[in-house]
Amino acid sequence: PSFPPRRSSDLWGQHRLSLEQSIDKAADLGFEGVELMGKRPHFSPLDFSLEQCKGLRDQIESRNLAVSALAAYTNFTGGGESPEVPFANMQVGYVEQLAERAQLLGCDLIRTFLAYERDDQSFAPHWLTTVESILTFYHSAAPLPVSLDLPPPPYIAVPPPSIVVLLDHIRL
């Protein structure tokens with residue numbers, strides 16, 4: 001039997017194959033694209049320079065694949081037990097580094113978590129930090145043709161009416 005091509009494979013949780021081997025496997029399985037995990041062991045900005053991204057893009061294109069998304073692992077309100085550490089700024093910097101690499105890979109989408117609610121802190125500071133972090137990313141990454149994909153539940157901007165309020169606060 002003939003099966004239609006699969007749209008995209010995410011490589012989350014793929015720990016046995018290298019990134020390059022995973023890309024080849026996705027192509028062999030008939031996928032049209034891959035979603036790269038933006039952390040170790042696959043696609044951490046710590047391990048892939050901008051120059052290395054060009055070689056990776058060559059491999060992806062040679063296998064007739066596209067990068068459909070980069071998955072950022074963020075928590076803009078993490079680190080609350082150490083308020084002197086600029087944790088949200090580091091998270092924004094990480095997403096900016098992924099955005100630069102996404103552009104080189106021909107990818108225009110970064111999937112991101114926003115924030116996790118914490119029982120030891122009130123909701124308002126989480127909300128403000130999340131809004132400020134998203135705004136900081138968009139202002140600093142404005143020249144790059146990438147979009148953030150807001151997450152599904154159980155993160156801070158849910159239930160769905162909260163997404164509308166969040167977007168209103170961001171005003172992009």
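Preceding block: the structure.
Notes on the structure follow. Values in this document were obtained by computation on a predicted structure and should not be read as measured data.

What follows deals with the overall build of the chain. Counting its secondary structure elements, the chain contains 5 helices and 5 strands. Reading the helices (α) and strands (β) of the chain from amino to carboxyl end gives β-α-β-α-β-α-β-α-β-α. Across the 172 residues in the chain, those meeting the buried criterion constitute 42%. Considering only contacts within the chain whose residues lie at least 6 apart along the sequence, 76% involve residues at least 24 apart. As displayed, the chain has an accessible area near 9600 Å², and 55% of this comes from carbon and sulfur atoms.

Our focus in this paragraph is the pattern of salt bridges. With the rule as written, the count across this model stands at 8 salt bridges. One salt bridge in this structure joins Glu61 and Arg57, with 2.7 Å as the shortest N-O distance. With Glu61 and Arg57 both in helix H2 (residues 50-62) and 4 residues apart, the pair spans about one turn of that helix. Look at Glu61 and you get partly exposed, because its relative accessible area is 41%. You can call Arg57 partly exposed: its relative accessible area is 29%. Arg111 is the salt-bridge partner of Asp149, the closest N and O atoms lying 2.6 Å from each other. With Asp149 in strand E5 (residues 147-149) and Arg111 in strand E4 (residues 109-112), this pair connects stretches of sequence that are 38 residues apart. By relative accessible area, Asp149 is classed as partly exposed at 24%. Three or more residues joined by partner-sharing salt bridges are found here, namely Asp24, Asp28 and Arg63.

To continue, consider the pairing of strand E3 (residues 66-72). Among the 7 residues that make up E3, 5 are buried, leaving the element largely enclosed by the rest of the structure. Pairing of strand E2 (residues 31-37) with E3 involves 5 bridges; the strand directions are parallel. Residue pairing in the sheet places Leu36 in a bridge with Leu70 of E3. Of the crossover connections in this fold, the one passing from E2 over H2 to the parallel E3 is right-handed. The pairing of E3 with E4 spans 3 bridges and is parallel. Bridge pairing in E4 links Leu70 to Ile110. With respect to chirality, the unit in which E3 leads through helix H3 (residues 87-104) into the neighbouring parallel E4 is right-handed.

Conventions and cut-offs
- Residues numbered from 1 in each chain as written.
- Predicted model: local features only at pLDDT ≥ 70, side-chain atom pairs only at ≥ 80, totals over all residues.
- Heavy atoms only, no water.
- Helix = DSSP H or I, 4+ residues; strand = E, 2+ residues; numbered from the N terminus.
- Buried < 20%, exposed > 50% of the residue type's maximum accessible area, 1.4 Å probe, protein only.
- Contact = heavy atoms within 4.5 Å.
- Areas by Shrake-Rupley, 256 points an atom, 1.4 Å probe, with all protein chains shown as cover.
- Salt bridge = Lys/Arg side-chain N within 4 Å of Asp/Glu carboxyl O.
- Pairing = 2+ DSSP bridges.
- Right-handed = clockwise from strand over helix to strand, strands pointing away.

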